[in-house]
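Spelled out, the chains give:
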Amino acid sequence: MSILQALYQLLITPIELLLEMIYGFSFLVLENLGAAIIPLSLAINLLLLPLYKRADAITNQEQEIQKKMASGIAHIKKTFKGDERYMMLQTFYRQNGYKPIYSLRSSIPLLLQVPFFIAAYHFLSNYTGLEGTRFLFLSDLGKPDQLLNIGGHTINVLPIAMTLINIISSMIYTKGKPMKDKIQLHAMALIFLFLLYNSPSGLVFYWTLNNVFSLFKNLVAVCKKPLLASRLAYLAIAVSILAYDLLLYEGKSTYRYAMMAIALFFTIPALQMLPSKELTPNSKKKESSLFKMKKSNYKIFLYGAIFLTFLTGLLIPSEVIRSSPSEFVLLGDFKNPLFHLLSASLLAAGTFILWMSLFYFLSSEKIRKILCITMWGFSIIGLSNYIFFGKSLGLITAEFRYELDILKFPLTDILINLGAVIGLAVVLTILLTKLQKVVIFIYPVLILAVLGVSIVNAVNIQKAVPQLREVFSNPSEENPSFQLSKDGKNVVVIMMDRQVSRYVPFIFQERPELEEKFSGFTWYPNTLSFGATTNVGVPGLFGGYDYMPEKLNARNTELMVDKHNEALKVMPVIFSQNNFKVTVCDPPYAGYSRIPDLSIFDEYSEITTYNTETGQLRDRTTDNAGKKEIWQRNFFCYSFMKLMPLAFQDAFYQNGTYFSNNNLDRIHHTLSNTKSIGLNDEFMDSYASLCAYPEMTNVVDSSENTFMMIENGTCHNIMMLQEPEYEPSLIVDNTEYEAAHQDRFTCDGLTMEVETGYRMSYYHVNMAAMIKLADWLDYLREQGVYDNTRIIIVSDHGFSLEQFDDTIFGSKVYSKVNAFFNPEDALAYNAMLLVKDFGSNEPFRTDYTFMTNADTPSLAFEGLIDSPVNPFTGTAMDDTSAKLADELHVFYTNTWEPELNNGYTYLPGLWCALSNQNIFDKENWKEVGVY
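Residues numbered from 1 in each chain as written. Predicted model: local features only at pLDDT ≥ 70, side-chain atom pairs only at ≥ 80, totals over all residues. Heavy atoms only, no water.

Student: How do you make sense of the packing of aromatic side chains when you look at a structure like this?
Tutor: The geometry of an aromatic ring pair is captured by two quantities: the separation of the ring centres and the angle between the planes. On inspection of all chains with the given rule, the structure shows 50 aromatic pairs. Centroid distance Tyr23 to Phe123: 5.9 Å. Interplanar angle 75 degrees. Geometry classified as edge-to-face. Taken together, the residues Tyr23 in helix 2 (residues 13–30) and Phe123 in helix 5 (residues 108–125) connect sequence positions 100 residues apart. Residue classification places Phe123 among the buried residues on the basis of a relative accessible area of 2%. Clustering of aromatic rings is evident, with ring pairs tying together Phe352, Phe378, Tyr402, Phe636, Phe640, Phe652, Tyr653, Tyr658 and Phe659. (Phe/Tyr/Trp six-rings, centres within 6.5 Å; stacked < 30°, edge-to-face > 60°. Helix = DSSP H or I, 4+ residues; strand = E, 2+ residues; numbered from the N terminus. Buried < 20%, exposed > 50% of the residue type's maximum accessible area, 1.4 Å probe, protein only.)

This is how it looks when you write it as C-alpha cells:
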C-alpha cells in the first residue's frame, strides 16, 4: 500500500463508504437508481449542515477580527517597511490575540467540501449500476447528459445548470462579504464546471442537488424568519418520508421502521414550533437527564474512538483471518494476510478518530455531549453484542457472506439482546454522567485488552505465513493432466466434496439421459460417512477404517495434520509400490492448507501431483481485483455489523453486500428459490476444473496400469445456476422453468423440500456436477478406455439440509454444540458412492447394501493388489469388518477449519451412533454425547 493509498483509505474511504450505504439504503427503499440520488444528496447535506453552520460561524468570527484589525494593519503597512514592518505586525497580532495562520479558518467551508467531493466523484463515477439507467430527462446516468445537439455538437446542459445555481447561491451567501470571498466562490463554481462537464450525469445530478440544497439554505438564512422556515422545511421532509412509508412502500418491515424513525427524527426540530409554557423570571428550564454531564469530555470521546478503531480495525478482522489465513491470500499475488489489518485499521481510524473528532470539534457543546454518550454506549454495547450474541451463523466466505445469505435470529434471541442493550444503555449513561473517572479508568483497560488479543491473533497469523507463501507465491505453470492407458488397468477415485447422494433419483428423473451415461455404475444409497465435515470425513475415505475419527483420536500423541496427510498418501503409495503410474490432484486439506500443500508427496518422486482448482483454468484477474476491493471495505463493514444489535444486523448485512451494489457480480447471493445474482468464485474454480476433465485426461497406447486420485468442490461451493442447462450465469431467473416443472421434486413417493434458494442451489450444483461427470464418461468411451477403467465417485460427507423428513432423528441438540446446521439430520452423514468396475456396461443399478466411504480403498484395490497393507499402520486394507460393529460412531463439529482444529485430537463435538446398518431408519440413530 502506497502512502497515497493509505491516505485515501484514511481520509476518503470513510466518506465513500457512508455515501455507498446511504445510496444503497435509498435504492432499497425507492427501488430506482436515479431517484436514490435525491435522498443521498439530502442526507449528506443535512449531515454536514451543523458542520457548515459551525464553519460559517468560525469564518464570520475571522472576518470580524480581520475587520477590527484592518485599520491598524493598514497603518503599519503604510508607516513601516522591511523587518520593522514585520516586527510591528507580529506585535499588533499578539496584542489582539491573533496569529496569521488563523486566516485559514475562513477557508474551512471550502476545505470541508474537498474530501466529500473526491469521495462522491470516485463513488458515482465508478458506480457500474448507473450505466444504462434512465431517470427523468437523463437517458443514461452513466454518461454525460448530452441534452442539446446543435449542428452535430452535443452540449451537456446539467453541468451548466449546476454552475448557474452555484453562482446564484454564492451571490446570496457572499452578500456583504469581502470581494475576495465572492471571487473565491465564483471561481470554485467555474472549477466544478470544468471538472464535472464530461462526468456521468448521475454524478452531476448529485452535485446539482447539493447546489440546490445550498441555495435553499442560503435563502432560508436571509429570510425574515429563518428559524421558522427551517423548521417548516424539516416538517415537510418528515411528512414526505412518512407518506411514502405508509402509502407507497411495500418492502422489508425493517426498512419501514427505519423510515418511521427517520421521519420522527425530522419532526424533533419541527416540534419546537409549538407554543411552550413561558418561564417565570426565577424559574429555570429543566435540563434533560441526558445532558446532566457538566461538560463534554474529549478524553472520553477520544478513548472511545481509539477503542472502536482497535475493535473494528484490529480485533474482529484478526479473529476472522486467524480462523482461515489462506482464504485471504490470492494465488500468484501473495501478500501477507496481516496487510488486511492495516487497511481495516486505516478505515476504522479515519471513521472514528479523524472524522468523528472533526464532528466533535465543529459541534456545539450540546452535540458534543451526545457524541460522548454515543461513543461510550456504542463501545460497550457493541463489544457485548460481539462477544455474547449472534454466534451460530454458519459458514462465512472470504467475501464476508454467510452461506445462508440472510441472517436469521430467533425472536427470543432478539428480545434478550434488546433487553441487554437497553439495560446496558441505562447503566452506561449513569456511569458517564455520575462517575466519569470510572469511565476514564475502564477505557484504557479495554483498549489494552483488545490490543493484546489482536497482537496474539497477529502472531498466530504470522506463523502460517511461511507455508502460505510457499503455496501461493509460485503456482505451477504446468497444465494438470493424468494418464489413462488403453491396454492397462486404470483406477480413478473422484472425491466430490459434499455431494448429496439422495439427489440421484431426482437428477435422473429430470434428466433421464444421465442415467444412460452412467451405465455400468452401481449406486450405494445406504452409504455412511464418519463425519459431517471434510476434516473428519476425508481421512477414512482415502485411508480406510484406520482413519475413523475415533481411531484418530486414540492416536493422541500425533498431530492431526500428520494423521490427515498419512491418510491421503495411503492409496497413492500402495498403488505406486505395485507399479501403477500414480497422479494425485487437489488432495483435500493436504498439510492442513486450504490450497493443498503438495509437498507432502515430495518423498515419493514417482507420484505426480497437481492442484487444479486454484483458478489457473480460468482468468482470475478480474476476480482478484474484485476480492481486493471487497476486502478493502468489508473487513470494516463486517466488524461494524457485529457490534450492532441483532435486530439490525440483517438489514445492514444485506445478503453480504453491506449496501454495496458495485460488487453484485462478484458476490453471489440468492434472491429467491428461482432468482440469484452474481458468481461464486470458489464454485467457478471447481466447476472449471470439472469441465476440463476431458482435456486433462491423457489417453495413451500403453499397457501400463494407472491410478488417479482427484478431489472436486463443485458440489460444495454452491450457487444457483440457470435452468435447464444448469450452467453459471451472472443473473439467474428460473421462474418460468420452475413453474413448468414443479412436480420434478417428487420421486418414487418421496418429496424433496426446495422452497429456499439455499436448498435449490444445492440441487443445482449437484445436477451440474453429474452433467459434467457424464460428459467426461462419454469422453472415456470415445477414447476407448471406459471398459478398462474402474471409477469410484465418492463424497467425504453429505450435508444437513433438512430436505427429507425420514432422515431427521433426535431432539435437535443445536444448543449442545452451538451447531450451524442440524447435526441430527442423517443426510449430513450420507456419503455418495458410485462404483463402476472393469468391463461393466450393464444398466445403472441401485444396491442398498450397507457401505461406508471408508470402503473406498478396498474397492480401489480389489482384484488388482493381493492383500494390500497400509504402509503406515501395517493394517490389512481389505479388512472392512469394522463397519459390521453393533454401533458406528459419527462426529459433528463446527470447527471444521484445519487452521483451528489442528491439535492432537479433534476438538469436542457431537457424537452420534448408527446401529443395524441402515441410515434411513430414524430408530437406528441416537446421540452419544458431546466430547
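Student: I'm lost on a nonpolar patch on the surface in this one. Help?
Tutor: On the surface, Leu242, Leu246, Leu247, Leu248, Tyr257 and Met260 cluster together into a nonpolar patch covering about 650 Å² of accessible area. Secondary structure elements with two or more residues in the nonpolar patch: helix 9 (226–247) and helix 10 (253–271). When residues of the nonpolar patch are assigned to their parent elements, the largest contribution, 3 residues, is made by helix 9. You can see Leu246 is positioned in helix 9. Judged by relative accessible area, which is 52%, Leu246 ranks as exposed. (Patch = residues over 30% accessible without salt bridge, like charges linked within 9 Å, V, L, I, M, F, W, Y side chains within 5 Å. Areas by Shrake-Rupley, 256 points an atom, 1.4 Å probe, with all protein chains shown as cover. Salt bridge = Lys/Arg side-chain N within 4 Å of Asp/Glu carboxyl O.)

Student: Quick question: what am I supposed to make of the nonpolar core here?
Tutor: A general trend in soluble globular proteins is that nonpolar side chains are found buried together. Judged by nonpolar contacts, the single largest core of 134 residues is most densely connected at Phe518, Leu528, Phe575 and Trp925. By residue number, the principal contributor to this core is helix 26 (residues 757–783), which donates 15 residues. With residues near it in sequence (within four places) discarded, Trp925 still touches Leu528, Phe809, Ala826, Tyr829, Val890, Cys912, Ala913, Leu914 and Ile919. Counting 73 residues, the second-largest nonpolar core is a separate cluster that includes Phe352, Leu428, Leu643 and Leu646. (Core = buried A, V, L, I, M, F, W, Y, C linked by side-chain atoms within 4.5 Å. Contact = heavy atoms within 4.5 Å.)

Student: Explain helix 12 (residues 339–361) to me, please; I cannot follow it from the model alone.
Tutor: Side chains that are three or four residues apart share a direction in an α-helix, a result of its 3.6 residues per turn. Look at helix 12: 32 Å from first C-alpha to last across 23 residues, which is about the 33 Å you get at 1.5 Å a residue. Of all the bends found along helix 12, the most pronounced is centred on Gly350 and spans about 35 degrees. (Expected span 1.5 Å × (residues − 1). Bend = angle between axes of the 7 residues up to and from the residue.)

Student: Can you walk me through the pattern of salt bridges in this structure?
Tutor: Under the defined criterion, the tally for this structure stands at 23 salt bridges. Taking the shortest distance from any N to any O, the salt bridge between Glu558 and Arg555 comes out at 2.9 Å. Take Arg555: its relative accessible area is 18%, and that puts it in the buried class. Measuring nitrogen to oxygen at the nearest pair gives 2.8 Å for the salt bridge that ties Lys926 to Glu887. You can see Lys926 sitting in strand 22 (residues 925–930) and its partner Glu887 sitting in strand 20 (residues 887–892), a full 39 residues away along the chain. Residue class for Lys926 comes out partly exposed when judged on its relative accessible area of 43%. Since its relative accessible area comes to 35%, Glu887 is described here as partly exposed. Within this structure, Lys517, Lys772, Asp775, Asp778 and Arg781 form a network of salt bridges that share partners.

Student: Which parts of the structure should I look at to understand the sheet that holds strand 20?
Tutor: Within a sheet, adjacent strands bond to each other through the backbone by hydrogen bonds, running parallel or antiparallel. The antiparallel open sheet is built from 3 strands, whose spatial order is 20-21-22. The outermost strands of the open sheet, each flanked by one partner alone, are strand 20 and strand 22. This sheet shows a mean twist of 30 degrees between the axes of neighbouring strands, independent of strand direction. As judged from the 6 bridges shared by strand 20 and strand 21 (residues 910–915), these two strands associate in the antiparallel manner. Note on strand 21: the bridge partner recorded for Tyr892 is Leu910. (Pairing = 2+ DSSP bridges. Axes fitted to C-alpha atoms, helices over the stretch in contact; angles between N-to-C directions.)

Student: How do you make sense of the packing of helix 1 (residues 3–11) against helix 2 when you look at a structure like this?
Tutor: The relative placement of two packed helices comes down to the angle between their axes together with the axis-to-axis distance. With their axes 4 Å apart at the nearest point, helix 1 and helix 2 run at an angle of 50 degrees to one another. For the element pair helix 1 / helix 2, the angle class is oblique. In contact with Tyr8, Gln9, Leu10 and Leu11 of helix 1, helix 2 contributes Thr13, Pro14, Ile15 and Glu16. A per-class count over the contact of helix 1 with helix 2 returns 5 nonpolar, 2 polar and 1 charged. (Parallel < 35°, antiparallel > 145°, perpendicular 65-115°, else oblique. Nonpolar A, V, L, I, M, F, W, Y, C, P; charged D, E, K, R; others polar.)

Student: How do you make sense of the packing of helix 23 (residues 681–691) against helix 26 when you look at a structure like this?
Tutor: Remark: helix 23 packs on helix 26, axes separated minimally by 9 Å, with the N-to-C direction vectors making an angle of 20 degrees. Taken together, the axes of helix 23 and helix 26 lie roughly parallel to each other. Considering how the two elements wind past one another, helix 23 and helix 26 form a crossing that is right-handed. Contacts between helix 23 and helix 26 involve Phe683, Tyr687, Leu690 and Cys691 on the former and, on the latter, Val765, Ala768, Ala769, Lys772 and Leu773. The class makeup of the residues in the contact of helix 23 with helix 26 is 8 nonpolar, no polar and 1 charged. (Left-handed = near helix turned anticlockwise from the far one by under 90°.)

Student: Where do I start with the pairing of strand 4 (residues 490–496) in this structure?
Tutor: Within a regular strand, side chains alternate between the sheet's two faces. Where burial is concerned, most of strand 4 is hidden: 7 out of the 7 residues are buried. Of the two faces of strand 4, the one lined by Asn490, Val492, Ile494 and Met496 and the one lined by Val491, Val493 and Met495 are each fully buried. Looking at chain direction, strand 4 and strand 12 (residues 706–712) are connected through 7 bridges and run parallel. Looking across to strand 12, one finds that Met496 is bridged to Asn712. Two strands pair when backbone bridges link them, and strand 4 and strand 16 (residues 789–794) are joined in this way by 6 bridges, in the parallel orientation. By the bridge assignment for strand 16, Val493 is matched with Ile792.

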